[in-house]
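Read off the chains here:
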Amino acid sequence: MKKIYIETYGCQMNVNDSEVILSIMEKAGYGRTESIEEADLILANTCSIRENAEQRVWGRIDVFRLQKRKRPGVVIGIVGCMAERLKDKLLDGRIVDLVAGPDSYRRLPAMVEAVSPDAPQIDVLLSRTETYDDIVPVRMDRNGVSAYISIMRGCNNCCSYCVVPYTRGVERSRDPYTIVREAEEVFASGYREVTLLGQNVDSYRWTAPADCGDRNAETVDFAALLKMVARISPELRIRFSTSYPSDISDDVLFAMRDNPNICRHIHFPVQSGSDAMLEKMRRKYTRAWYLERVARIREILPDCGLTTDVIAGFSGETEQDHLDTLSLFEQVRFDAAFMFQYSERPGTLASRKYPDDVPPEVKTRRLNEIIELQNRMGALNYREQIGRTHRVLVEGPSKKTDSELCGRAGNYMMCVWPDRVHKPGDYVDVTVVDATPATLICRLSD
Ligand code: SAH
Ligand code: SF4
Ligand code: F3S
């Protein structure tokens, strides 16, 4: 049996795509290996979101090429967002044998087959319809508890700094009945949590094709999809990512309120606290709108966890813009945040229109100020949990010791507690007795 080795970079959607790739290649007779030395096919499923994401992959390509020098029969492929962005530039000088964009994975077996020393293969066509909805991903998680399900692909927003619309193409929503079927299957095989994935889940919208019998012209939006998945079983927890501040509807919040198995956590990227920056970023909301949505979330779901993404040092960002971001972080008090320095991406609107003019040392200083503030705010939120109880889904032993288990509360906070009885996939009730800045120290509730 031939063997495939795959490395994955970037977002959760890319992880799920690697699972789709493994499934497609398994049908073509490839077994998975975790050792490069054993592999007949080495793939990197890549990310272009920031320059350093691409730099890491270039470093790995050098390592793959050493393998190829030792074993010339090995096929090296770059797939995913970097493949889509750089296209045949990746074939210059025969750096790799195969380049496949995010919508070309069904063709991978044929492409791998066709590779020869003088015939590298490339397919970077984007599709308006591909959702891989009939493919059962080969799960790569290690605990068999939590699975990713992509509900849509692509992105129709045009945030000026972002490469995703170029690497992933137009937005398309997947047939909800295939989503529910996939969630039912993972539940039946022991999983207890699914995370529904899309760049902007709030714009999920599927309309049945005209020839669909009794489902004719039926429309399913994200709130309706959440309810369909929530009905599978009260024992199946549902998470989702990512929510877009101008699109999240009250209906979604009501669906969360009315279905206890939809976890009370919203990943809610703000990007900046300054209206001038938000406009230039082409985010479709203002600071005031964002804060109103946060207030609405907390009104309808008082114990909802909130996390965010932010970019420091976007084009033209003044000290005042930066202070606006800090004050928003202070006001909202996120539980956690992914915090980045702006990285100009070739081809984006910002790279054409807005100079990358904040000096690197200023970007770094601002980013560090955001990180420092967020660490304090997050720690406060964690400390506030002391005394509360949470229903936690057991993921496995804690990082530190086998006599402790870990798992996430509904609000996404990581919990650890002494326990030699329960196993991954169990639900346990814990009481918070102490907190570090990013972990709740718990005991089993009485
Ligand atoms: N669709 C999601 C974001 C996906 S990309 C959303 O709209 O929220 C994940 C995060 O990477 C973004 O939220 C943003 O904070 C960051 N990011 C995207 N492009 C970037 C760039 N050019 N430089 C730095 N950070 C960037
Ligand atoms: Fe990028 Fe904006 Fe789409 Fe998110 S919503 S993937 S930031 S273009
Ligand atoms: Fe990266 Fe592509 Fe995801 S650019 S963040 S892997 S959609």
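These lines cover the structure that appears in this document, whether it is placed above or below. (Residues numbered from 1 in each chain as written. Chains lettered and ligands numbered in written order. Predicted model: local features only at pLDDT ≥ 70, side-chain atom pairs only at ≥ 80, totals over all residues. Heavy atoms only, no water.)

A few points about the site of ligand 2
Inference 1: Around ligand 2 sit C155, N157, C159, Y161, C162, V164, P165, Q199, Y244 and R283, and that is every residue in its neighbourhood.
Inference 2: In terms of residue class, the shell around ligand 2 is built from 7 nonpolar, 2 polar and 1 charged. (Near = heavy atom within 4 Å. Nonpolar A, V, L, I, M, F, W, Y, C, P; charged D, E, K, R; others polar.)

Regarding the site of ligand 3
Inference 1: Every residue close to ligand 3 is listed here: C11, N14, T46, C47, S48, I49, C81, R168 and Q199.
Inference 2: By residue class, the composition of the shell around ligand 3 is 4 nonpolar, 4 polar and 1 charged.

Here we look at the nonpolar core
Inference 1: In this structure, L196, F222 and I266 are the most contacted members of the largest nonpolar core, which totals 71 residues.
Inference 2: Among the elements that take part in this core, helix α7 (residues 222-230) stands out by supplying 7 residues, more than any other. (Core = buried A, V, L, I, M, F, W, Y, C linked by side-chain atoms within 4.5 Å. Buried < 20%, exposed > 50% of the residue type's maximum accessible area, 1.4 Å probe, protein only. Helix = DSSP H or I, 4+ residues; strand = E, 2+ residues; numbered from the N terminus.)

So, the environment of A288
Inference 1: Mapped onto the elements, A288 comes out in helix α10 (residues 287-300).
Inference 2: C-alpha of A288 to C-alpha of G273: the two residues are 15 residues apart in sequence and 9.3 Å apart in space.

Notes on the environment of E344
Inference 1: Positionally, E344 belongs in the loop between β16 (336-341) and α12 (349-353).
Inference 2: On the accessibility criterion, E344 (30% relative accessible area) is partly exposed.
Inference 3: Linking E344 and E38, residues 306 residues apart in sequence, is a C-alpha distance of 38 Å.
Inference 4: The contact partners of E344, leaving out residues within four places of it in the chain, are S351, Y354 and D356. (Contact = heavy atoms within 4.5 Å.)

Here we look at the pairing of strand β3 (residues 41-46)
Inference 1: Among the 6 residues of β3, 6 are classified as buried, and the element is accordingly described as predominantly covered.
Inference 2: The side-chain alternation of β3 yields two buried faces, one formed by L41, L43 and N45 and the other by I42, A44 and T46.
Inference 3: Both strand β1 (residues 2-8) and β3 contribute to a ladder of 5 bridges, which runs parallel. Each residue of the ladder has a partner; that of E7, found in β3, is A44.
Inference 4: A crossover links β3 with its parallel partner strand β4 (residues 75-80), the connecting element being helix α2 (residues 51-70), and its sense is right-handed. (Pairing = 2+ DSSP bridges. Right-handed = clockwise from strand over helix to strand, strands pointing away.)

Remarks on the packing of helix α6 (residues 176-188) against α7
Inference 1: In the contact formed by α6 and α7, the axes pass within 10 Å of each other and the chain directions differ by 30°. Relative to α7, the element α6 is oriented roughly parallel. Regarding α6 and α7, the two cross each other, and that crossing is right-handed. Across the interface between the two elements, P176, Y177, I179, V180 and A183 of α6 pack against L225, M228 and V229 of α7. (Axes fitted to C-alpha atoms, helices over the stretch in contact; angles between N-to-C directions. Parallel < 35°, antiparallel > 145°, perpendicular 65-115°, else oblique. Left-handed = near helix turned anticlockwise from the far one by under 90°.)

Quick look at helix α11 (residues 319-332)
The α-helix advances 3.6 residues per turn, and as a result positions three or four apart in sequence lie on the same side.
Inference 1: With 14 residues, α11 extends 20 Å between its outermost C-alpha atoms, agreeing within 8% with the 20 Å of an ideal straight helix rising 1.5 Å per residue.
Inference 2: Residues D321, H322, T325, L326, L328, F329 and V332 constitute the buried set of α11. Each buried residue of α11 lies within a common arc of 160° when the element is viewed along its axis, so the set occupies one face.
Inference 3: Buried positions along α11 lie against α9 (275-280), α10, β15 (305-312), β16 and α13 (360-384).
Inference 4: The first or second residue beyond α11 is R333, which carries a positive phi of 60°. (Expected span 1.5 Å × (residues − 1). Arc of directions from axis to C-beta.)

Digging into α6
Inference 1: Taking 1.5 Å as the rise per residue, α6 with 13 residues should run 18 Å; its terminal C-alpha atoms sit 18 Å apart, in good agreement.
Inference 2: Taken residue by residue, α6 has P176, T178, I179, V180, E182, A183, V186 and F187 as its buried positions.
Inference 3: The N-cap of α6, judged by a side-chain oxygen 2.8 Å from the amide nitrogen of Y177 a few residues on, is D175.
Inference 4: Two residues or fewer after α6 comes G190, characterised by a positive phi angle close to 110°. (Polar contact = N/O pair within 3.5 Å; in protein donor to acceptor, adjacent residues only side chain to side chain.)

Quick word on the sheet that holds strand β13 (residues 237-241)
Inference 1: Taken in spatial order, the 3 strands line up as β7-β10-β13 in an open sheet, and their pairing is parallel. Looking along the sheet, the strands with just one partner apiece sit at the ends: β7 (146-150) and β13. This sheet shows a mean twist of 25° between the axes of neighbouring strands, independent of strand direction.

Examining the sheet that holds strand β5 (residues 98-100)
Inference 1: Within the open sheet, the 6 strands sit side by side as β2-β1-β3-β4-β5-β6. Their pairing is parallel. Because the sheet does not close on itself, it has two edges, and the strands there are β2 (30-32) and β6 (121-123). Here the strands of the sheet are splayed against their neighbours by 25° on average, with no regard to which way each runs.
Inference 2: Bridge count for β5 against β6 is 3 bridges, and the pairing is parallel. If you follow V99 over to β6, its bridge partner there is I122.
Inference 3: Each of β1, β2, β3 and β4 is contacted by helix α1 (residues 12-27), which is oriented at about 175° to β1, the strand it contacts most.
Inference 4: Where α2 meets the sheet, its contacts fall on β1, β3 and β4, and the angle it forms with β4 comes to roughly 160°.

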